[in-house]
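Below, each chain spelled out in residue letters.
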Amino acid sequence: MGLSALAPLWSSPGLLLAIALHPSLSVPTHRDYCVLGAGPAGLQMAYFLQSAGRDYAVFERTQRPGSFFTRYPRHRKLISINKRYTGNANSEFNLRHDWNSLLSHDPRLLFRHYSRAYFPDAHDMVRYLGDFADTLGLRVLYNTTITHVTLDKDQRAWNGHYFILTDQKGQVHRCSVLLVATGLSVPNQVDFPGSEYVEGYESVSVDPEDFVGQNVLILGRGNSAFETADNILGVTNFIHMLSRSRVRLSWATHYVGDLRAINNGLLDTYQLKSLDGLLESDLTDLAILKDSKGKFHVTLRFFLEEAGTNQSTDSITLPQDDNDNFAMRVPYDRVIRCLGWNFDFSIFNKSLRLNSGNAFGKKYPLIRASYESKGSRGLFILGTASHSVDYRKSAGGFIHGFRYTARAVHRLLEHRHHGIAWPATELPITQLTSSIVRRVNEASGLYQMFGVLADVILLKENAAAFEYLEEFPLQMLAQLEMLTGRKAQHGLFVIIMEYGRNFSGPDKDVFFDNRSVGHTEDAWQSNFLHPVIYYYRHLPTESCFLFALTHQKLPPFCQQGYLRMQGLVSTESLRQHRVESWLPWNHAATDSRLEDSSQQPGDQEPLDAPMAPGPLAQSLDSNKEEL
């Protein structure tokens, strides 16, 4: 019920008494900003809002911040590094190697003061987040569970509607902007015959003694699966791990969400001829049968359906595989599901249109590169749940990444609702090089959110001076003027961090000879994270820019001219450099970054730049495989 519907009731004393006795009918408490969740992302946004003097509140369902870390990871060791010593006194540089601290002005609130361990205990994170909220006096409403969120259209509202939040007591809260930082909290489950026999990562015992002498099957192949395996590796008969995809090692992919070395003990036992094993199959094709002794047998759904549901376990065909000994024919004592987490959509009314309905949309909300919902203006997703923007590409799903994306969202909101332009430093052109070098050598936001956040340099008239903007969402570059309040009328530079084009992939040795580039003239060939600078005479057109970032193959109207060697790529010095480096004439057009969804903006130049000699861009069909 909106406020307009309540207005006629005020004339009745009886109804006034009823409203006083029933909080659910009371006038909603209004706040400009509502933050759902007092985890790392929610507290980080609260800090920025409080520092700016904004009207806000954080809603937390438990009695203290960081409730997720009171239970997870189940075996209590975090995989976010806590590097306490770097040999460098620069605080910004040190944040490059501190994956747990939130951003604040208080040096006491650095995580290195809370743990000496390189991989800290999760309890230390709970303690840290509690101190962060208390020390800074953040406005958190504890023991307040939001049970429903909907819209109330009102043209007077900032975004044409208010967000109406109802808590467990029936109290109604009204917000102009909603910032959701609830993380991923719903266990991902796969439905197949016999899935009711599976134990979940969220509830399975963590006591190794409960697994002594047992045969264990683990479904999944991420860090939670290997973490679970490592805990019981020394007491089980054997562990088999089943997943539809191959193992992805973070040191090979440069993606911190892939399997970390600290958890990969099972890989040693598998490759060094122990009884443990890795198996590949689509989980939806499986079926699990329970025999009279309480043991579990794995077969294929097809065999089960063919035999009929009334057949005994012994009469069901077990799968055979000529390429493996198929140890799965041995029955299991336990089957454990470790398949990750999904976003909880249950409290959001369908009018907010957060869920796209596809497979990826069931895991993450549907959002733009600005972290704003595609379905509801003024609704932003923060933290782990915002990882759809850079999934498997950068660090936006982790504290050391989303502390910077939260700051970017705050800066966007400051301009949209309070008229405060994106922070920028204006300097004379003589300081251009030193400014870039300093940021490249020190900046943590660029370093952690590589390929996602970029520094933007806006040149002034006659290039006599420039404005330096830090950590702007790269995919929103075409809308920079509208989102920041800054003008890009005389050309701009974009500085981002990128890995080399061929740093990983099937059958690639990431430790190959000459992987490190030692000469400046060959720096563009670096296989490691390195700075890349792009120049634009004007802001790129939005349509082709976004297509190039998100599509494997571009539409014809973008291929004609937009992808041909232009701008700086066409300068005589770079053309000569290309010849000396034995690069093909169409190297820029066929760069594999244009083929991948992680494509970066520098592979295309302004539309009005002069055309370089050479053929038109050839087919952009991708042949890149992911490790």
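Owing to the predicted nature of the structure, the values given are computational and were not obtained by experimental measurement.

Peer 1: Account for the overall build of the chain, with residues named and values stated.
Peer 2: Looking only at helices and strands, one finds 17 helices and 21 strands in the chain. Looking at the 627 residues of the chain, the share that counts as buried comes to 52%. In the chain, 67% of the contacts between residues at least 6 apart in sequence involve partners at least 24 apart. When the accessible surface of the chain is summed, it comes to about 29,000 Å², and 51% of that surface belongs to carbon and sulfur atoms.

Peer 1: Outline unusual backbone geometry, listing residues and values.
Peer 2: Residue P73 is reached from Y72 by a cis peptide bond, and omega for that bond is -5°. Take P73: it is sitting in the loop between β2 (56-59) and α4 (91-94). You will see that H254, though not glycine, has its phi angle at about 65°, which is positive. Here H254 shows up in the loop between α7 (250-253) and α8 (265-271). With a phi close to 55°, A463 is a non-glycine residue in the positive phi region.

Peer 1: Give me the state of the cysteines: which residues, what numbers.
Peer 2: Considering all chains together, one arrives at one disulfide under this definition. A disulfide bridge connects C34 with C175, and the sulfur atoms are separated by 1.9 Å. Between C34 and C175, the S-S torsion sits near -80°, and that sign places the bridge as left-handed. Pair noted here: C34 is in strand β1 (residues 29-36) and C175 is in strand β6 (residues 172-180), with a separation of 141 residues, a long-range link. Residue C34 is classed as buried on the basis of its relative accessible area, which comes to 0%.

Peer 1: Pulling in residues and values, what's your account of the side chain of R392?
Peer 2: By the element assignment, R392 lies in the loop between β16 (379-381) and α10 (399-418). Overall, R392 belongs to the buried group, its relative accessible area being 17%. One polar contact links R392 to D258, side chain to side chain, over a distance of 2.5 Å.

Peer 1: I'd like to hear about the pairing of strand β14 (residues 334-337), residue by residue, with values.
Peer 2: On β14, burial covers both faces: R334 and I336 on one face and V335 and R337 on the other are all buried. In the sheet, strand β8 (residues 199-200) pairs with β14 via two bridges, with the strands oriented parallel. Directly across from G200, in β14, lies its bridge partner R337. By the bridge criterion, four bridges tie strand β9 (residues 215-219) to β14 in an arrangement that is parallel. When the sheet's bridge partners are listed, I218 is paired in β14 with I336.

Peer 1: Report on the packing of helix α3 (residues 40-51) against helix α5 (residues 122-136), specifying residues and quantitative values.
Peer 2: Between α3 and α5, the least distance of the axes is 11 Å, while the angle of their chain directions is 15°. By the angle between their axes, α3 is roughly parallel relative to α5. Regarding α3 and α5, the two cross each other, and that crossing is left-handed. Listed contacts from α5 to P40, L43, Y47 and Q50 of α3 are L129, F132, A133 and L136.

Peer 1: Explain the side chain of E202 residue by residue, including any values.
Peer 2: Secondary-structure assignment places E202 in the loop between β8 and β9. When its relative accessible area of 17% is taken as the criterion, E202 is described as buried. Those residues in contact with E202 that sit more than four places away from it in its chain are R71, Y72, R74, P187, R337 and W341.

Peer 1: Give me the environment of L459: which residues, what numbers.
Peer 2: Inspection of the secondary structure assignment puts L459 in strand β18 (residues 453-459). L459 sits 31 residues away from H490 along the chain, and the two C-alpha atoms are 5.5 Å apart. Those residues in contact with L459 that lie beyond four places of it in its chain are I429, A465, F466, H490, G491, F493 and Y535.

Peer 1: Go over the packing of aromatic side chains with me, naming the residues and quoting the values.
Peer 2: Applying the stated criterion across every chain, the model contains 24 aromatic pairs. Residues Y197 and F296 carry aromatic rings whose centres are separated by 5.5 Å and whose planes lie at 35° to one another, so their mutual orientation is tilted. Separated by 99 residues along the polypeptide, Y197 in the loop between β7 (186-187) and β8 and F296 in strand β13 (residues 296-300) bring together distant segments of the chain. The exposure class of Y197 is partly exposed, given its relative accessible area of 29%. Taking NZ or CZ as reference, R174 lies 4.0 Å from the ring centre of Y162, over its face.

So, how was this worked out
- Residues numbered from 1 in each chain as written.
- Predicted model: local features only at pLDDT ≥ 70, side-chain atom pairs only at ≥ 80, totals over all residues.
- Heavy atoms only, no water.
- Helix = DSSP H or I, 4+ residues; strand = E, 2+ residues; numbered from the N terminus.
- Buried < 20%, exposed > 50% of the residue type's maximum accessible area, 1.4 Å probe, protein only.
- Contact = heavy atoms within 4.5 Å.
- Areas by Shrake-Rupley, 256 points an atom, 1.4 Å probe, with all protein chains shown as cover.
- Disulfide = S-S within 2.5 Å.
- Polar contact = N/O pair within 3.5 Å; in protein donor to acceptor, adjacent residues only side chain to side chain.
- Pairing = 2+ DSSP bridges.
- Axes fitted to C-alpha atoms, helices over the stretch in contact; angles between N-to-C directions.
- Parallel < 35°, antiparallel > 145°, perpendicular 65-115°, else oblique.
- Left-handed = near helix turned anticlockwise from the far one by under 90°.
- Phe/Tyr/Trp six-rings, centres within 6.5 Å; stacked < 30°, edge-to-face > 60°.
- Lys NZ or Arg CZ within 6 Å of the ring centre and 35° of its normal.

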